[in-house]
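Architecture and fold: a report
One-letter residues, chain by chain:
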Amino acid sequence: MKFFDRTEEITSLQEICEMAKDNAQFTVVTGRRRIGKTSLVWKAYEDKTILYFFVARKAEGDLCEDYRLEIENKLNIPTMGRAERFADVFEFLMKLSIEHPITLFIDEFQEFFRVNKSVYSDMQRIWDLYSPKARINLIVCGSIYSMMTKIFKDKKEPLYNRQTRFMTVRPFTPMVLKEILSEYHPGYTAEDLLALYSFTGGVAKYVQLLMDAGATTKEKMLNHIVKADSIFLGEGKAILIEEFGKDYGIYFSILSAIARGKTSRSEIEHVVGRQIGGYLTKLENEYEVISKKQPLFEKSSAKNVRYMIEDNFFTFWFRFIYKYNYMLEIENYGSVKTIINRDYETFSGLMLERWFKRVLIGQQTYTRIGSWWDRKGENEIDIVAENELDEVATFFEVKRKAEHINMAILEAKTTAFLRTTGELKEYNISYKGLSMSDM
């Protein structure tokens, strides 16, 4: 698949490279695995000489030998000979950059935890010593989000706040997904577009795998995802076990319950069979896999809470792949696809709401966007969008099919909203139905 989007990120990285010609720059590029962090850096600097250090899980001396060869090949200069410590290599480059600007890209940066934890304190010392005079463009990238966040945002860590830029790479927006599908399947339907969003969430690698395989319709996507040699089947474990460590089983049970619609703490605890407060807090704040949702204008921070998996692919994976893994283990792929198709309308209905929220956020028309539901569960509004500057608000009903939208019911729910919250009563109120035909 050709390279799409990322124009803002590329512009930022190119500006940083120019700034580094006068002042040392330290950029952290983070985001979930498969999001396209490494590809982004290569694209931004495709016409420049980059030193690329990949932190593999091997002895520090062997890594340093790889890096020595990279320096000699890319810069065409002799180095200090074999080094056993990364600190020596890094100090050599920091000194060198005083005379000649250098771009250094370190990939899988968090793996130094396993190679030699002292690398981070060594880098802090060397950076603080040389950065006032150095002209280095240092980019570090890592795929284990929680560890990368800890390295740079935990006050106890030596590299705390040493970065000059912290860039988070996000999934493709709905508009970019439309552009991609138009490129590979000009005659795509709304069902195909919703499937691409529902299955991948806009994660670059997943989109690429489907497009490169010619899986551009809902049916072809599902056939490519659920088959014997599919990387999608083991993807949830491949990404999250390393994040969660030895307690991954509990976290997986929680996420599986949420994906199946058990969104309150009591419902999740009933499924898991234990107290999970601490696990929910970590999933939300440390791993950023789930988010805690409340109705707009809910006054209590502890009441009427729902937990949601933010990532579409993880929602899909826990809802269908993890839950029915016992079928996949005996290679009964047909039954799993039958179940996905059976439950697809409900699952994709949730994804359609997310799609339109992302579209509204991209339009930058509103100052607040959320959902609302009452504590009794009698009234629920899919999307409430407020513009407090103009004192206008729009209430949206989202359905897969336009004929299922009932504006009278939406207006009745809005009346309940106004009565319950006491908010937006002086606003100019409007109502709108959104369906797949509006994608």
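Quick note: structure is the one above.
These notes cover the structure that comes with them.

Further remarks concern the pairing of strand β3 (residues 102-107). When you tally the buried positions in β3, you get six out of six residues, the bulk of the element. Here strand β2 (residues 51-54) runs beside β3; their pairing, made up of four bridges, is parallel. Each residue of the ladder has a partner; that of Phe53, found in β3, is Ile106. Alignment of β3 against strand β4 (residues 136-141), held across six bridges, turns out to be parallel. Among the inter-strand pairings, Ile102 is bridged to a residue of β4, identified as Ile136.

Take the state of the cysteines next. For the structure on display, the rule yields zero disulfides. Lacking any disulfide linkage, Cys17 is separated from the closest cysteine sulfur, that of Cys141, by 16 Å. Under the relative-accessibility criterion, Cys17 is labelled buried at 9%. Cysteine Cys64 remains unbridged, with the sulfur of Cys141 as its closest cysteine sulfur at 20 Å. Since its relative accessible area comes to 1%, Cys64 is described here as buried.

Moving on: the layout of surface pockets. Empty pockets left among the atoms are what a rolling probe the size of a water molecule brings to light. Roughly 480 Å³ of volume is contained in the second largest pocket. Every residue lining the second largest pocket is counted, 21 residues in all, and those nearest its centre are Arg34, Ile35, Gly36, Lys37 and Ser39. Elements with a contribution of two residues or more to the lining of the second largest pocket: α2 (37-44) and α10 (204-212). It is α2 that provides the largest number of residues to the lining of the second largest pocket, a total of four residues. The residue makeup of the lining of the second largest pocket, split by class, is eight nonpolar, five polar and eight charged.

Here the focus is helix α18 (residues 333-363). The largest bend in α18 amounts to roughly 60 degrees and is located at Tyr344. Backbone geometry just downstream of α18 places Gln364 in the positive-phi region, at approximately 55 degrees.

Paired through backbone hydrogen bonds, the strands of a sheet run either parallel or antiparallel to each other. An order of β8-β9-β10-β11 is seen for the four strands of this open sheet, with the pairing classed as mixed. Pairing within the sheet leaves two strands with one partner each, and these edge strands are β8 (368-373) and β11 (428-434). Pairwise comparison of adjacent strand axes, ignoring direction, gives a mean angle of 25 degrees for this sheet. Note that β8 and strand β9 (residues 380-387) share five bridges and pair antiparallel. Following the sheet pairing, Ile369 is matched in β9 by Ala385. Relative to the sheet, α18 contacts β8, β9, β10 (392-398) and β11, its axis offset from that of β9 by approximately 0 degrees. The sheet strands contacting helix α19 (residues 407-421) are β8, β9, β10 and β11, and the helix crosses β11 at an angle near 135 degrees.

Conventions we followed
- Residues numbered from 1 in each chain as written.
- Predicted model: local features only at pLDDT ≥ 70, side-chain atom pairs only at ≥ 80, totals over all residues.
- Heavy atoms only, no water.
- Buried < 20%, exposed > 50% of the residue type's maximum accessible area, 1.4 Å probe, protein only.
- Helix = DSSP H or I, 4+ residues; strand = E, 2+ residues; numbered from the N terminus.
- Pairing = 2+ DSSP bridges.
- Disulfide = S-S within 2.5 Å.
- 1 Å grid on protein atoms, 1.4 Å probe; cavity = no way out; pocket = protein on both sides within 12 Å on 5 of 7 lines; lining within 4 Å.
- Points joined across faces, edges and corners; volume = space filled by probe spheres on them.
- Nonpolar A, V, L, I, M, F, W, Y, C, P; charged D, E, K, R; others polar.
- Bend = angle between axes of the 7 residues up to and from the residue.
- Axes fitted to C-alpha atoms, helices over the stretch in contact; angles between N-to-C directions.
- Contact = heavy atoms within 4.5 Å.

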